[in-house]
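Residue strings, one per chain:
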Amino acid sequence: YVIPVPAAGCVFPEYLPKDAVMYDYDVFFNSAKEILDDENISLIDVREALKKEKDDGGNPIKTFYSTDHHFTTRGAYLSYAEFCNAKGRAVKPYSDFKPYMVTTEFRGSLYRKVLLPYVPYDTVEILEIPEVSVSADGKDISFYDMTALSDNDPYRVFQGGNHGIVLIENPGSADKGTLLLMGDSFTNSFSQFLLDDYDRIVMADRRYTFEDPATLAESYGANEILVLQEMVSKE
């Protein structure tokens, strides 16, 4: 499964400043479709899901942070729902994950580039998760790093930031199996929705590890592989 995560400007072009330049996501997505033309690979477009601005009760939601390039926990959930749909798996309602707010003063990566004091704060939600063991590059860590909320990069609340290989194990998972989850920092918040779906999740960020994906899949006995990475233009 492959989820090329669009930039917020591709999902909400109507909110871009006048004459702002944004890459053509359709070109990228269609190119990926040609490259990944294989019946064993599912390419998932999450743009329509992320465009959802109201929940089923008509209440406004945000799928991207105002001052950060990442999707919010709600945006991660909507992308997770598309992943479940692609697998033919029932999607649990967002409320079943028991999300709760951990800060109302989130300012992210975009804010740190342009320090405008009047930019509004965002909120951050995390979930009530099962008891899991987590290691990052061989060192035990917590799935949520609450100390990051008072740091200059509160998005690090998810596993304390980026690592090469993160191993998450949940022996109490209802479903058995191993997922190799490859991508970038978007996987950090996305992974919280997967904890009950597998008894082992191997997260690999190739910016921080030289491990070969095929070798990882074989050595950990991965039943499924999901590549979830932001799709950006370098031009």
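Residues numbered from 1 in each chain as written. Predicted model: local features only at pLDDT ≥ 70, side-chain atom pairs only at ≥ 80, totals over all residues. Heavy atoms only, no water.

**Things to note about the sheet that holds strand S9 (residues 224-230)**
Threshold: Any two strands are treated as partners once DSSP identifies two or more bridges connecting them. By the criteria applied, helices consist of DSSP H or I runs no shorter than four residues and strands consist of E runs no shorter than two, each listed in order from the N terminus. Angles shown run from 0 to 180 degrees and are taken between the N-to-C directions of axes, each axis being a line fitted to C-alpha atoms and, for helices, limited to the stretch in contact.
Strand order in the open sheet formed by seven strands is S1-S9-S7-S8-S6-S4-S5, and the pairing between neighbours is mixed. Either end of the sheet is taken by a strand with one partner, and the two such strands are strand S1 (2-5) and strand S5 (139-141). For this sheet, the mean inter-axis angle between neighbouring strands, taken without regard to orientation, is 20 degrees.

**Here's the deal with the environment of Leu149**
Convention followed: Here the term buried applies to any residue with accessible area under 20% of the maximum for its type, exposed to any over 50%, and partly exposed to those in between, with areas from a 1.4 Å probe on protein chains only. Throughout, a contact is declared for two residues whenever any of their heavy atoms are within 4.5 Å.
In this fold, Leu149 is placed in the loop between S5 and strand S6 (165-169). By relative accessible area, which is 18% here, Leu149 ends up buried. When the C-alpha positions of Leu149 and Asp137 are compared, they lie 23 Å apart, and in sequence the two are twelve residues distant. Sequence-distant contacts of Leu149, defined by excluding residues within four places in its chain, comprise Val102, Thr103, Pro154 and Val157.

**Quick word on a negative patch on the surface**
For clarity, the cut-off: Patches were defined on residues exceeding 30% relative accessible area and lacking a salt bridge, with like-charge contacts within 9 Å and nonpolar side-chain contacts (Val, Leu, Ile, Met, Phe, Trp, Tyr) within 5 Å. Surface accessibility follows the Shrake-Rupley procedure with a 1.4 Å probe radius. Residue values consider only the protein chains on display as shielding. One speaks of a salt bridge when a side-chain nitrogen belonging to Lys or Arg is within 4 Å of a carboxyl oxygen belonging to Asp or Glu. Counted charges follow a simple rule, with Lys and Arg positive, Asp and Glu negative, and His plus the chain ends left uncounted. All charge positions are set by atom: Lys at NZ, Arg at CZ, Asp at CG, Glu at CD.
There is a patch of like negative charges on the surface, built from Glu34, Asp37, Asp38 and Glu39. The topology assignment puts Asp38 in the loop between helix H2 (25-35) and helix H3 (47-50).

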